[in-house]
Each structure stands twice: as C-alpha cells, then as structure tokens.
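Coordinate inspection notes
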Amino acid sequence: MEPQRPRQRAGLGLASNGGCSQRPRIRNPAERLDRQTFSFHFHNLRYASKRNCCYLCYQVKRLKHCSPDSSDLGVFQNQVNAEDPCHVELCFLSWFCSKKLSPYEQYRITWFLSWSPCLSCAQQVAAFLEKNRNVRLSIFTARLYYFWKPEYQYGLRMLHQQRARVRIMSFREFKYCWKNFVYNEGMPFKPWKELRKNYRFLVAKLQEILRNTMNLLKTNIFKQQFGNQHRVPRPHYRRKTYLCYQLKQLDGSTLDKGCFRNKKQRHAEIRFIDKITSLNLDPNQRYTIICYVTWSPCPTCARELVDFINGQDHLSLQIFASRLYFHWVKVYQWGLQQLQAAQVSVAVMTRSEFEECWEEFVDNQGMPFESWDNLDQYSESISRRLQKILLLSNWNNLENSFRDLRLGSPSPSLLRSDSR
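Residues numbered from 1 in each chain as written. Predicted model: local features only at pLDDT ≥ 70, side-chain atom pairs only at ≥ 80, totals over all residues. Heavy atoms only, no water.

Here's the deal with the overall build of the chain
Of regular secondary structure, the chain possesses 12 helices and 12 strands. For the chain, the residues scored as buried account for 48% of the 420 residues in total. Summed over its atoms, the accessible surface of the chain is roughly 22100 Å², and 47% of this surface lies on carbon and sulfur atoms. (Helix = DSSP H or I, 4+ residues; strand = E, 2+ residues; numbered from the N terminus. Buried < 20%, exposed > 50% of the residue type's maximum accessible area, 1.4 Å probe, protein only. Areas by Shrake-Rupley, 256 points an atom, 1.4 Å probe, with all protein chains shown as cover.)

This is the structure we're talking about:
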C-alpha cells in the first residue's frame, strides 16, 4: 500500500525575515498525544495505509555558552481535510519564527515525525536552515514518505546537505517520545511486532538515498588543504587539490553542492564538470556556480572549464582559489587569463570565503571558523599576484589591438618578462 500522507500544500512561503513569512493565523502546538494516536500513527510500517495525518513532536533547546539554557516541547498535527491545511513542518516554522526565533541565540531543534517530509516541505525547511545559521535541526522519522520516488529522495538529500541530521526512529526514540509526548498514564512503552525489523529496513533505505550526498570535510583536512600559508606548516604534508562547489538558483537558494578532490588521471575540475553536466540543468533558468579550490586550475583544466562555460548563457561561474598553482610559469598564467577572457570570475579566497567553506563543507560540529596566523596578509599577497597576472592579459589584448591597427611597434616595457 502507498503511504497516505496528506498532499495538499500549505501557503507558507519563505521570505527575508528570518526565512519565514507568517501565516494569517499561527497554529499553536498541543502538549501531548493520546496513547492510541501515537501507537497508530507512529507505527514504523514499511508501507502504511490509512495514515492520513502527520504528527511532529518537537523539542527546542536554546543554548548559551554551548550548554542548554532552556527547553520547549510540543506536538503539531496536520490533516488532509482541515479547513486551513498546513503541513506540520511549516506549521512549526511559522510558530517558531513568530514566537521563538532570535538571531542572537543558538538553537538545537529535534523533530520526531510520523512521516518524513515531502519535497515541498523539505525545500522550505532547507531554505530556512540556509538562512538561519544559528539553528541546528535533527529529524527522526518513523516512516519514509514515498521513498521510492526520486523527487522525495531529492528532498531528503537537500535537508542533509543543509546540515540537518536525518535519521530513522529506533526503539530508543519511540521510548523517548512515549515518555515526553504521550499521555501514557504511567504505562511503559511496549514495542510492536517487527519494530526492529522495520527499523533496519528503513535505515537501509535512508542510507541508500543519502549515499550520494556529499561527505563533509574533516576539520583538520580543511585547515591543511585550504590553508593559504606560503609554506606548509609543520608537521609537513602534501597539499592536494580539493574543489567545493555550490549551484545556486536565481533566487539565491542552493540547488546542489559537493566536494571533489583529484584522483589519478582525473582532476577535481573535470569531475566537477561531469557532475554539473549530469544534472541536465534547464537552459531557460539562470544559475550561478561558486567554486572554492585549494589550488588554482592547471592550464588543461582551465581550458576544459572555458569549453564548459562557453555557449551556456544560463550559467555563470565564479572561482575562488586559496593558492595559485605555479603562478610564475607562463602557461599557468595563460590558463588564468583564458578563464577571465571567458567571463569566468577568478579571485583569491579571503576570510569571508574561508568562513563560507567552513560552514558549508566542513563537519564543524557547530564550532565557528578559527583563522590561522596571518590569513589576511597571505590572502592579500596572493590576490596582488593574481591581479598582476590578469592585468598582464589586459595589456596583451591592448597590444594586439594596436598591432591590428598598425599603429607601430609596442613599447619594450610591454615585452618584458612577466615572471615572478
């Protein structure tokens, strides 16, 4: 049987005000569920029928100095035949934004859902998390909603990519919900038949859905590989090429993101091109791709990137490099100049870009970015080098224009070596 979660969409939109726009009437949560409702609607069947409601049990913790300061609990419900239909995820966001959310606090939110989010809710929750970096969300779901359909799988991956922790409810979570969200009348939680068997099945399905999702970088890998120091600090290690990317739509929402590193005979830039090509993006929509690379592209990869972007007017490409690769060699300078000529924005990573990478691509465990010594000075020095390389390209283009006009030979100063 197919799941029967209500499919009518709510009217909650996302706006600049904290990522939420308030509905005309804010729904207030209930305190608890009765025993029969919980047992029926949170039953972790593989394929459930006649479950026309979805329930969300939540816990909100406000943190001060990295420790819980206060906690809030409650339950939201949605129904397919309600006069004012609103999926529980959006009901919670509407209530939370109007009652609780402050940009000066840190929040840890846990959801226990009878159904996993549908695509529309997943998109709006992911957008909310992207705009509210002070919120961390953990989602435990009793069942997976249309888990065999690609669009619902994509929604779960979007949540995972926005650092939401998505898990299947185990015996421990069911017991916790029974204790904290159910009028249990002092009765202990009794697991139903095949609870653990169904749990293992759903865990395997969720892992299959999320297996292609980007693995976050370890903190030490990020600091070692993205460090912009002129020399490798001790203990010495080999600097490798990593490329992290974000694919954004015109409204600024993130459609896809990931991280590649060089493999034997296949550079990270080529793997990135293959990935974006495989997405079959709509040529009638406009997209921005932002890349953060540890090393600037080699000449071969620069040429491949130029070939990739040429003729694709719906794509704009920005490249931020932590360091310049063989910047004193003319052919490597030529690669950077060709990227600029193809209208690809090439720049050096500053503290802002390092912080963005730390937030988006690193398993930072909620810790803020901490810079290394002289980060800003190194960034400024590398940026001056890059500007000289790109400026030389402008001089060469101007020189060629003069030649075409037959206005005489170029000045000897223009012919001097541009090596470091």
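Thoughts on a positive patch on the surface
Taken together, Arg238, Lys240, Arg261 and Lys263 make up a surface patch of like positive charges. By the secondary structure assignment, Arg261 is in strand β9 (residues 254-261). For Arg261, a relative accessible area of 33% corresponds to the partly exposed category. (Patch = residues over 30% accessible without salt bridge, like charges linked within 9 Å, V, L, I, M, F, W, Y side chains within 5 Å. Salt bridge = Lys/Arg side-chain N within 4 Å of Asp/Glu carboxyl O. Lys, Arg positive; Asp, Glu negative; His and termini not counted. Charge placed at Lys NZ, Arg CZ, Asp CG, Glu CD.)

Section: the pattern of salt bridges
For side chains bearing opposite charge, pairing can occur when the charged atoms are close. Under the definition given, this model contains seven salt bridges. Connected through salt bridges with shared partners, the residues Arg133, Lys257 and Glu360 form a single ionic network.

Structural notes on the sheet that holds strand β8 (residues 242-249)
Strand order in the open sheet formed by five strands is β9-β8-β10-β11-β12, with mixed pairing between adjacent strands. A single partner strand is all that each edge strand has here, and the edge strands are β9 and β12 (345-348). On average, each strand axis in the sheet is inclined to that of its neighbour by 15°, with strand direction left out of account. In terms of strand pairing, β8 meets strand β10 (residues 287-295) through seven bridges, oriented antiparallel. The partner of Tyr245 across the bridge, within β10, is Cys291. Those strands touched by helix α8 (residues 268-278) are β8, β9, β10 and β11 (315-323), and its axis lies near 150° from that of β9. (Pairing = 2+ DSSP bridges. Axes fitted to C-alpha atoms, helices over the stretch in contact; angles between N-to-C directions. Contact = heavy atoms within 4.5 Å.)

A short note on a nonpolar patch on the surface
Nonpolar side chains collect at one region of the surface, where Tyr325, Phe326 and Trp328 lie side by side and expose about 280 Å² of accessible area between them. Its place among the elements puts Trp328 in the loop between β11 and α10 (330-341).

Remarks on helix α6 (residues 195-210)
Look at α6: 22 Å from first C-alpha to last across 16 residues, which is about the 22 Å you get at 1.5 Å a residue. The complete set of buried residues in α6 reads Leu195, Asn198, Phe201, Leu202, Leu206, Ile209 and Leu210. Down the axis of α6, the smallest arc covering the buried residues is 160°, so these residues share one side. Across α6 from its buried face, at more than 90 degrees, point the exposed residues Arg200 and Gln207. (Expected span 1.5 Å × (residues − 1). Arc of directions from axis to C-beta.)

A short note on the environment of Ser94
Among the secondary structure elements, Ser94 is positioned in helix α2 (residues 88-99). Overall, the relative accessible area of 2% leaves Ser94 in the buried class. C-alpha separation for the pair Ser94 and Asn28, spaced 66 residues apart in sequence, amounts to 9.7 Å.

Quick notes on the confidence of the model for the chain
Taken residue by residue, the chain gives an average pLDDT of 83. The fraction at 70 or more is 82%. Below a pLDDT of 50 lies the segment residues 4-18, which in the model reaches 63 contacts outside its immediate sequence neighbourhood of four places, other chains included. Low pLDDT, under 50, characterises residues 401-420; the stretch is placed with 15 contacts to residues that sit more than four places away or in other chains. (pLDDT = per-residue confidence, 0-100.)

Some details on the packing of helix α9 (residues 299-309) against α10
Packing of α9 against α10 brings their axes to within 8 Å, and their N-to-C directions diverge by 15°. The pairing of α9 with α10 is recorded here as roughly parallel in orientation. Relative to α10, α9 is oriented so that their crossing is left-handed. Contact residues: Pro299, Ala302, Leu305 and Val306 in α9; Val331, Tyr332, Gly335, Gln338 and Leu339 in α10. (Parallel < 35°, antiparallel > 145°, perpendicular 65-115°, else oblique. Left-handed = near helix turned anticlockwise from the far one by under 90°.)

So, the environment of Gly227
Of note, Gly227 is situated in the loop between α7 (219-226) and β8. Gly227 has contacts with Phe222, Arg239, Ser322, Arg323 and Trp372, leaving out every residue within four places of it along the chain.

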